[in-house]
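Topology and contacts: notes
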Amino acid sequence: MFLINLTKSLPVIAWAALAATLSAQSAGPAVLQIKADQVAAHVSPRLYGLMSEEINFSYEGGLYAELVRNRTFMEDAKEPVHWTLIQEEGGAGSMALDPSRRFNAAVATSLKLTIAKASGKQRVGIANQGFWGIPVWPRTSYRASFYAEAAPGFKGPLTVSIVSDDGATVHATAQVARVTEIWQRYEVILTTRDSPVSTANRLVITSAKPGTVWLSTVSLFPPTFNGRPNGNRNDIMQLLAAMKPAFLRFPGGNYLEGNTIATRFDWKKTIGDISRRPGHMNDAWHYWSSDGMGLLEFLEWCEDLHMEPVLAVYAGYSLHGERAEPGPELAPFVQDALDEIEYVAGQATTTWGSKRARDGHPDPFPLTYVEIGNEDNFDRAAGGTYDARFTQIYDALKGRYPRLQYIATAPVTTRVPDVIDEHYYRNSEDLMASTAHMYDTRPRTGPKVLVGEWATRVGSPTPNMSAALGDAAWMTGMERNSDLVIMSAYAPLLVNVNPGGMQWHTDLIGYDTLTSYGSPAYYAQKMFSVYHGDVVLPIAAQDVPTLFYNATLDTRTNTIYLKLVNRASTLQPVRIEISGVASVDPKARLIVLNASSPDDTNSITEPTKVVPTTTTIDIPSRSFTHTCPPYSITVLQMRAR
Ligand code: AHR
């Protein structure tokens, strides 16, 4: 008890000083002999990346910054869900979907607003509740836009405002002076003044004149990361950028496959102007996707964070067992995959490359890895068809793009994939840690490994310190074996912590309508991703079951990164003996993530309860003892001389 209370309040640096006096409560010392002049393996430059899909409102109401929910009125065939009619006292009107006045070839309906009675103080219109409200910040400019077509006799004006739910406060407002009888796009900038931060707000479009008007693609964006139009939320992008991820595996996950072929991620319907994207029911995770986060937006996200795309193409199998049989039935999906690669990486002179150029990105994106399907081991009916589907898709893709690397999602026998995608979800830190050595003995003769999804699933909505410890133990194993495990990504990455936002518990980063936070596991990931060298150093050690470790060397800077994971509730002294270098700089950097209890966690209300600390420590020589706090993840950064 004494120890636990102390750990809560002590800065990490104080542990070293206390180590001696608390040694009675310590585990026995571990000895790590690090051979700094030898190479056990090369660290893949792509080892730490991101995996992402539309789950837990990752994009809708999440990373994708659109604030209007159901902007094209396509979410429900009968009702304009998430929209309400506004009738100020004495005003009268109605609103309804009008499929007879479809907006365009892709968007098969529009919203008909009929204003029967209105005047200056009797305004009538529509309001959107957003995703868990519309966030208002002071002195902030939002871009509002919509398409409108007026019936004869109606000209507007239309007033566009961000208004508190009770109607009492207009945070920002602007006017569209006149609407015409042909569909046109209108845009206004809404700038708040000194409004306090709040979420109980709506986007409201009203008129004081009677008449009829049809609306579509009503959109509202706050400032976005890098100022991209149709872009991403700043705060979440900053958390992701800080991880320095090397790649992004997208678009799924189950989201790639859908429950049926019709609800797969049909990439051709996710590109071009947002007003021409029909959206689709994300039935794998039970909510509507506007497809605002479409193929090009995924790629621009990669560009913004300097990540390589790892593109998963649909492989003809959907979650409820519907599948395109190998042969002619699969052929259209093979063609879709070929076209998709051309859209991503083809020159602007190619058919799909020129479409990408017209969509605003003339330069091809760098592409090395293409994954064929997702978790196709679930295709088991009648013996399964993945082998044959993989072969057909692989042959076509490899024939056209021989230099790309192809990733299989399940074992195949007729072709040799370059990489195999393995997924590991464990329900306790013990299980994750117990597999930390599984790659040590894997033969190096087969394909390389992408651990495309993994997590210690302890904690909800986001992982706690116990999970972070399991994760860190597991990451020492992947890093040590990074000649084989060339890429890895935690999943799921994101969760909206508002009520009803989560479909899958234990997600790396949480957010609500206003703010976001990293879990302890997020900080563990960040430590592993940011601090590593390019070669793995051999370590000789005796077995201490609660201690996990790995050392890498950056050969350009001669920097050694030693990672230590102490899962025990007690101090863990570690005798570190470095050979193969003349000396080590007496000043070392120490980065530590620790907690007083494995249950400690971060949350939207306590976002930084468990975060790493960085200090400088003195090390006397190449051989010294460092004491790890209980429940801790440590990076020791040392300069070899
Ligand atoms: O990460 C959640 C889900 O787990 C993914 O969509 C799927 O690939 C896996 O089964």
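Residues numbered from 1 in each chain as written. Predicted model: local features only at pLDDT ≥ 70, side-chain atom pairs only at ≥ 80, totals over all residues. Heavy atoms only, no water.

On to the site of the ligand. Neighbouring the ligand are Glu 53, Gly 253, Asn 254, Trp 285, Asn 374, Glu 375, Tyr 425, Glu 453, Pro 492 and Trp 504. Contact between the ligand and Glu 53: an oxygen atom at 2.5 Å from a side-chain N or O atom of the residue. If the ligand stood free it would expose 280 Å²; the protein chains cover 93% of that surface. Classifying every residue of the shell around the ligand by side-chain character gives 4 nonpolar, 3 polar and 3 charged. (Near = heavy atom within 4 Å. Polar contact = N/O pair within 3.5 Å; in protein donor to acceptor, adjacent residues only side chain to side chain. Areas by Shrake-Rupley, 256 points an atom, 1.4 Å probe, with all protein chains shown as cover. Nonpolar A, V, L, I, M, F, W, Y, C, P; charged D, E, K, R; others polar.)

What follows deals with the sheet that holds strand 24 (residues 509-511). On the basis of which strands lie adjacent, the open sheet formed by 3 strands has the order 23-24-25 and mixed pairing. The sheet terminates laterally at strand 23 (494-496) and strand 25 (516-518), the two strands that pair on one side only. On average, adjacent strands in this sheet sit at an angle of 20° to one another, irrespective of strand direction. In this structure, strand 24 lies alongside strand 25, joined through 3 bridges in antiparallel fashion. If you follow Tyr 511 over to strand 25, its bridge partner there is Ser 516. Those strands touched by helix 3 (residues 234-242) are strand 23, strand 24 and strand 25, and its axis lies near 15° from that of strand 25. (Pairing = 2+ DSSP bridges. Helix = DSSP H or I, 4+ residues; strand = E, 2+ residues; numbered from the N terminus. Axes fitted to C-alpha atoms, helices over the stretch in contact; angles between N-to-C directions. Contact = heavy atoms within 4.5 Å.)

What follows covers the packing of helix 5 (residues 295-304) against helix 6 (residues 331-345). One way to put it is that helix 5 packs onto helix 6 with a least axis distance of 11 Å and a crossing angle of 40°. When the interaxial angle is binned, helix 5 and helix 6 end up oblique. For the element pair helix 5 and helix 6, the recorded crossing hand is right-handed. Mapping the contact onto sequence places Leu 295, Leu 296 and Leu 299 in helix 5 and Glu 340, Tyr 343 and Val 344 in helix 6. Within the contact of helix 5 with helix 6, the residues separate by chemical class into 5 nonpolar, no polar and 1 charged. (Parallel < 35°, antiparallel > 145°, perpendicular 65-115°, else oblique. Left-handed = near helix turned anticlockwise from the far one by under 90°.)

Moving on: the side chain of Glu 371. With respect to the helices, strands and loops of the structure, Glu 371 is situated in strand 18 (residues 369-372). We classify Glu 371 as buried; its relative accessible area is 0%. Apart from the residues lying within four places of it in its own chain, the contact partners of Glu 371 are Arg 249, Leu 311, Ala 312, Val 313, Ile 407, Thr 409, Asp 421 and Leu 450. (Buried < 20%, exposed > 50% of the residue type's maximum accessible area, 1.4 Å probe, protein only.)

With that settled, consider the packing of aromatic side chains. Throughout the structure, instances matching the rule amount to 27 aromatic pairs. Geometrically, the ring pair formed by Tyr 439 and Trp 474 is tilted, given 6.0 Å between the ring centres and 50° between the ring planes. A residue pair is termed long-range when its members are at least 10 positions apart, and Tyr 439 in the loop between helix 9 (429-434) and strand 21 (448-456) and Trp 474 in helix 10 (residues 465-480) qualify at 35 residues. A single burial state applies to Tyr 439 and to Trp 474, both of which are buried. On the basis of an interplanar angle of 75° and a centroid distance of 5.3 Å, the ring pair of Trp 454 and Tyr 490 is categorised as edge-to-face. Here Tyr 490 lies in strand 22 (residues 485-490) and Trp 454 lies in strand 21, a separation of 36 residues in the sequence. There is no split in this pair, since Trp 454 and Tyr 490 are both buried. (Phe/Tyr/Trp six-rings, centres within 6.5 Å; stacked < 30°, edge-to-face > 60°.)

All right, on to the pairing of strand 30 (residues 572-579) then. Of the strand pairs in this sheet, strand 1 (residues 30-35) and strand 30 are connected by 6 bridges, and their pairing is parallel. Residue Val 31 lies in a different strand from strand 30, and its bridge partner there is Arg 575.

With that settled, consider unusual backbone geometry. Here the bond from Gly 156 into Pro 157 is cis, since omega is -5°, no more than 30 degrees from zero. Structurally, the position occupied by Pro 157 is in the loop between strand 8 (141-150) and strand 9 (158-164). The omega torsion across Ser 460 and Pro 461 is 0°, close enough to zero to call that bond cis. Turning to its location among the elements, Pro 461 is positioned in the loop between strand 21 and helix 10.

It is worth spelling out the confidence of the model for the protein at this point. This prediction gives the protein a mean pLDDT of 95; 96% of its residues lie at or above 70. pLDDT under 50 marks residues 1-24. Its contacts with residues more than four places away, or in other chains, come to 30 contacts. (pLDDT = per-residue confidence, 0-100.)

With that settled, consider the nonpolar core. Within the largest apolar cluster, 108 residues are counted, with the highest numbers of intra-cluster contacts made by Leu 240, Trp 301, Ile 372 and Ile 633. For this core, the element with the highest residue contribution is helix 10, accounting for 8 residues. Apart from the residues lying within four places of it in its own chain, the contact partners of Ile 633 are Met 465, Ala 468, Leu 469, Ala 472, Ala 524, Met 527, Phe 528, Leu 564, Val 565, Ile 591, Val 592 and Leu 593. Within the second largest apolar cluster, 35 residues are counted, among which are Trp 83, Ala 118, Ile 162 and Tyr 186. (Core = buried A, V, L, I, M, F, W, Y, C linked by side-chain atoms within 4.5 Å.)

Inspection of the entire model under this criterion finds 37 salt bridges. Of the charged contacts in the structure, one is a salt bridge between Glu 453 and Arg 249, with a shortest N-O distance of 3.0 Å. In this pair, Glu 453 is assigned in strand 21 and Arg 249 in strand 14 (residues 247-250), connecting sequence segments 204 residues apart. You'll find Glu 453 and Arg 249 in the same group, each marked buried. Here the salt bridges share partners, and the residues they tie into one network are Arg 264, Asp 266, Lys 268, Lys 269, Asp 336 and Asp 339. (Salt bridge = Lys/Arg side-chain N within 4 Å of Asp/Glu carboxyl O.)

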